[in-house]
Amino acid sequence: MITRCNPIRISLHRQTEHLLLLAVVLFISWSAFISVASADEPFALEFDQAFGRRIPGHFDGPIHQASFKQPQGIDLFTDGTILVADTLNHCIRLINDSHTEVSTAAGECTQAGNSLSTPLETRFFYPTDVAAAWDLYRYFVLDSGNNRILEIDGESVREVRLTSGETEENEETGEIEEFVFSLQEPIGIEVDRQGYLYIADSGHHRILRRHPNSGVTEVVAGTGVAGYDYDQRTANLARLNRPIDIATYPSTSTTSALYVADSLNGLIRRLRPGDQVPWIISNYAGSDNQQVWRETDGAAALLHMHRPYRLAQNAASYLFISLPIQRRVVGVTPMQKAVILLDETSGVGSEDDAEELRSPTALACDYEGYLWLFDSSRLKRYRITTGEAP
C-alpha cells in the first residue's frame, strides 16, 4: 500500500513554523527596542522655587506674599497665565503671565454661596477645578459644592447646561422637556483643543463630554454605578469608581483621547475613540490585582496607587499623577514606565524646607518645561527632565 502525505497538513505545518519564527523575531526586535528606549532615559523633577506663604489664607498681591487655602485645581492659558481653583477660599485666583502677581479673578473670596452675577460678585461653594479654553481668556469653573459648571468670558458669567439632545415628559405637567444631565460631587474638568468639555462626574461614577457648539452632552465612560469590570472594553458599559480627574491628548487631528484617574479603583484608565463602539477603555497605569503591586519604579501596570487624584500631561506625552494620600508624584513615560518623581522623603534635609513634599494635589504642565504643583496650600515649580523636548 502506498502511503501518501497529506499536502494540507504539510502546508499547515510549514505555516506554523513560519509564524513561530516570525513571532520570535518580532519579540527579539521589540525587546531590543524597549531596552534602547528605556536605557538611561532621564526622567526627574528638579525643584525650582516655591511661591506664596506656607500658612493657608487669602492674600492678593506680589506672588511671594500671596496666600491660598487648599487649592484643588490649576490650569494655564497658552500665554502662561495661571488659573487656580482656591477651593477653601471659595474663589478663583489668577497669577499673571510673568508669575509675579496674584489677584482674584472670580468669586467673593472666603464667602461661600450660590449666586450668579459678575465674576467678582458670583459666589462659589468649594470650587474644585478650572479649565482654560484655548481662546484667551475664557474659562470654566467646576463649582463642586453647587454641582454646577460656570463659563466665564470677560465680565460674562453663565451656567453651562448639559443637555442630551433628547426629550422627556415632565411627570407633573405632562409637557415635553429637554433632558439635562445633573451632576453629583463633580471633581475634575478639562477642555481639549477642539473645545469639547470633559467632566469627571464623580458621584455618578461617569465621564461626560459636552459638544462646544450644540452643547449636546454624552456619557463617555461609566454606567452610573460604582464598580470595576476588568474585561469590559466598551467604555460606556464599564463601571468606574469615583473618577476624579481627566487629562486629554490628541488622538487624531479632530478628536482627543483621555486619561482618567479612576480613584477608588486605584487605576489610570485610557479612553480612546473606537471604530465599532464610541469609546474603548483600557488600564494605562495601576493594577486591580494586589498580588502584583509594586512600590518602586518599573512597569506602570504594576504600580500601586492609592486614590490617584490629579493628572497632567506635557507636550512630550509624559503623564504626571498626584497621590496625596501616599505623598507622591508619579510620572509615566510614553513607554508606560512608572517613575516615582517625588515622595515624602523629597527635600528632607535640604537647606530650603520648601522642597519637602507634604500633600501634593493640583498640578499642571506649562510650555516651558515646568510642572506647577500645589503642595497643600503652597505653589511649587519643578523643572521637568525627560530627555525629550518639553
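Up top you'll find the structure we're talking about.
Our subject in this report is the structure included herewith. (Residues numbered from 1 in each chain as written. Predicted model: local features only at pLDDT ≥ 70, side-chain atom pairs only at ≥ 80, totals over all residues. Heavy atoms only, no water.)

**Quick look at the packing of aromatic side chains**
Each aromatic ring pair is specified by the distance between its two centres and by the angle formed by the two planes. Keep this limit in mind: Side-chain rings of Phe, Tyr and Trp (the six-membered ring for Trp) are treated as a pair once their centres are within 6.5 Å; stacked means planes under 30 degrees apart, edge-to-face means over 60, and tilted covers the remaining angles. A run of H or I in DSSP counts as a helix once it spans at least four residues, and a run of E counts as a strand once it spans at least two, with each numbered from the N terminus.
A complete count under the given rule lists 11 aromatic pairs for this structure. Ring centres of Phe-43 and Phe-320 lie 5.9 Å apart, and the angle between their planes is 65°; on these two criteria the pair is classed as edge-to-face. Of this pair, Phe-43 sits in the loop between helix H1 (7-38) and strand E1 (44-51) while Phe-320 sits in strand E23 (residues 319-323), and the two are 277 residues apart along the sequence. Arranged with centres 5.4 Å apart and planes meeting at 25°, the rings of Phe-51 and Trp-372 form a pair that is stacked.

**So, the nonpolar core**
This is how it is decided: Among the buried residues, those of types Ala, Val, Leu, Ile, Met, Phe, Trp, Tyr and Cys that are joined through side-chain atoms within 4.5 Å form a nonpolar core. Type-normalised accessible area, obtained with a 1.4 Å probe on protein chains alone, sets the label of each residue: buried when under 20%, exposed when over 50%, and partly exposed for intermediate values. The criterion used for residue contact is that any of the two residues' heavy atoms lie within 4.5 Å.
Among the nonpolar cores identified, the biggest contains 20 residues, and Leu-45, Phe-320, Val-329, Leu-342, Leu-371, Leu-373 and Tyr-382 are the most heavily contacted of them. Breaking this core down by element, the ones donating at least two residues are E1, strand E25 (337-342), strand E26 (360-365), strand E27 (370-375) and strand E28 (378-385). In contact with Leu-45, other than residues within four places in its own chain, are Phe-320, Val-329, Leu-341, Leu-342, Leu-371, Tyr-382, Arg-383 and Ile-384. In terms of nonpolar packing, the next biggest core, distinct from the first, is built from 19 residues, Ala-247, Tyr-259, Ile-268 and Ala-338 among them.

**Details of the pairing of strand E8 (residues 138-143)**
Short version of the rule: Here, any two strands with at least 2 DSSP bridges between them count as paired.
Within E8, 6 of the 6 residues are buried, leaving the element largely enclosed by the surrounding structure. Residues Arg-138, Phe-140 and Leu-142 point to one face of E8 and Tyr-139, Val-141 and Asp-143 to the other, with burial holding for every one of them. Across 5 bridges, strand E7 (residues 127-132) lies against E8 in antiparallel orientation. Considered in E8, the bridge of Val-130 is made with Val-141. Across 6 bridges, the pairing between E8 and strand E9 (residues 148-153) is antiparallel. Bridging from a neighbouring strand, Arg-138 pairs with Asp-153 of E9. Where E8 folds back onto E9 in an antiparallel hairpin, the turn is made up of 4 residues, including Asn-147, whose phi is positive at roughly 50°.

**Things to note about the side chain of Thr-361**
Within the fold, Thr-361 resides in strand E26. Contact partners of Thr-361, with chain neighbours within four places excluded, come to Pro-71, Gln-72, Tyr-309, Arg-310, Ser-322, Pro-324, Leu-373, Phe-374 and Ser-376.

**A closer look at the environment of Tyr-367**
Tracing the sequence through the fold places Tyr-367 in the loop between E26 and E27. C-alpha separation for the pair Tyr-367 and Thr-78, spaced 289 residues apart in sequence, amounts to 7.9 Å.

**Things to note about the state of the cysteines**
Put simply, the test is: Here, a disulfide means two cysteine sulfur atoms that sit within 2.5 Å of each other.
Per the stated rule, a full pass over the model turns up 1 disulfide. The side chain of Cys-91 participates in a disulfide bridge whose partner is Cys-109; the two sulfur atoms lie 2.1 Å from each other. Because the torsion about its S-S bond is 95°, the bridge between Cys-91 and Cys-109 counts as right-handed. Of this pair, Cys-91 sits in strand E5 (residues 91-95) while Cys-109 is found in the loop between strand E6 (101-106) and E7, placing the two residues 18 residues apart along the sequence.

**Some details on a negative patch on the surface**
Which entries qualify depends on this criterion: Each patch is assembled from residues with relative accessible area greater than 30% and no salt bridge, linking like charges that lie within 9 Å and nonpolar side chains (Val, Leu, Ile, Met, Phe, Trp, Tyr) that lie within 5 Å. Residue burial considers only the protein chains on display, and all accessible areas are found by Shrake-Rupley using a 1.4 Å probe. By convention in these notes, a salt bridge is any Lys or Arg side-chain nitrogen within 4 Å of a carboxyl oxygen on Asp or Glu. His is not counted, nor are the chain ends; Lys and Arg add positive charge and Asp and Glu add negative charge. To locate a charge, take atom NZ for lysine, CZ for arginine, CG for aspartate or CD for glutamate.
Together, Glu-168, Glu-169, Glu-171, Glu-172, Glu-175 and Glu-177 line one region of the surface with negative charge. Along the polypeptide, Glu-171 turns up in the loop between strand E11 (163-169) and strand E12 (176-180).

**Quick look at the sheet that holds strand E15 (residues 206-210)**
Strand-to-strand pairing in sheets goes through backbone hydrogen bonds, with the strands running parallel or antiparallel. The line we're drawing: To obtain an axis, a line is fitted to C-alpha atoms, over the contacting stretch when the element is a helix, and the angle between two such axes runs from 0 to 180 degrees between their N-to-C directions.
The antiparallel open sheet is built from 4 strands, whose spatial order is E13-E14-E15-E16. With partners counted over all chains shown, the strands left at the sheet margins are strand E13 (188-191) and strand E16 (217-221), one partner each. Neighbouring strand axes in the sheet, compared pairwise and without regard to direction, differ in orientation by 25° on average. Summarising the sheet, E13 and strand E14 (residues 197-201) pair through 4 bridges and their orientation is antiparallel. Each bridged residue has a counterpart across the sheet, and for Glu-190 the counterpart in E14 is Tyr-198.

**A word on unusual backbone geometry**
Backbone geometry at His-90 places phi at a positive 60°, although glycine is not the residue there. Tracing the sequence through the fold places His-90 in the loop between strand E4 (82-86) and E5. Although it is not a glycine, Glu-185 sits at a positive phi angle of roughly 50°. Tracing the chain through its elements places Glu-185 in the loop between E12 and E13. Among the residues examined, Glu-185 registers a relative accessible area of 38% and is labelled partly exposed.

**Observations regarding the sheet that holds E27**
Read from one edge to the other, the open sheet built from 4 strands follows the order E1-E28-E27-E26, with strand pairing classed as antiparallel. A strand with exactly one partner marks an edge of an open sheet, and here the two such strands are E1 and E26. Pairwise comparison of adjacent strand axes, ignoring direction, gives a mean angle of 25° for this sheet.

**Structural notes on the pattern of salt bridges**
Summed over all chains, the structure comprises 19 salt bridges. Among the ionic pairs, Glu-178 bridges to Arg-161, the shortest N-O distance being 3.6 Å. With Glu-178 in strand E12 and Arg-161 in the loop between strand E10 (156-159) and E11, this pair connects stretches of sequence that are 17 residues apart. Residue classification places Glu-178 among the partly exposed residues on the basis of a relative accessible area of 41%. One salt bridge in this structure joins Glu-344 and Arg-327, with 3.9 Å as the shortest N-O distance. Within this pair, whereas Glu-344 is found in the loop between E25 and E26, its partner Arg-327 is found in the loop between E23 and strand E24 (328-332), the two being separated by 17 residues in sequence. Through salt bridges with shared partners, a single network forms among Asp-60, Asp-86 and Arg-93.

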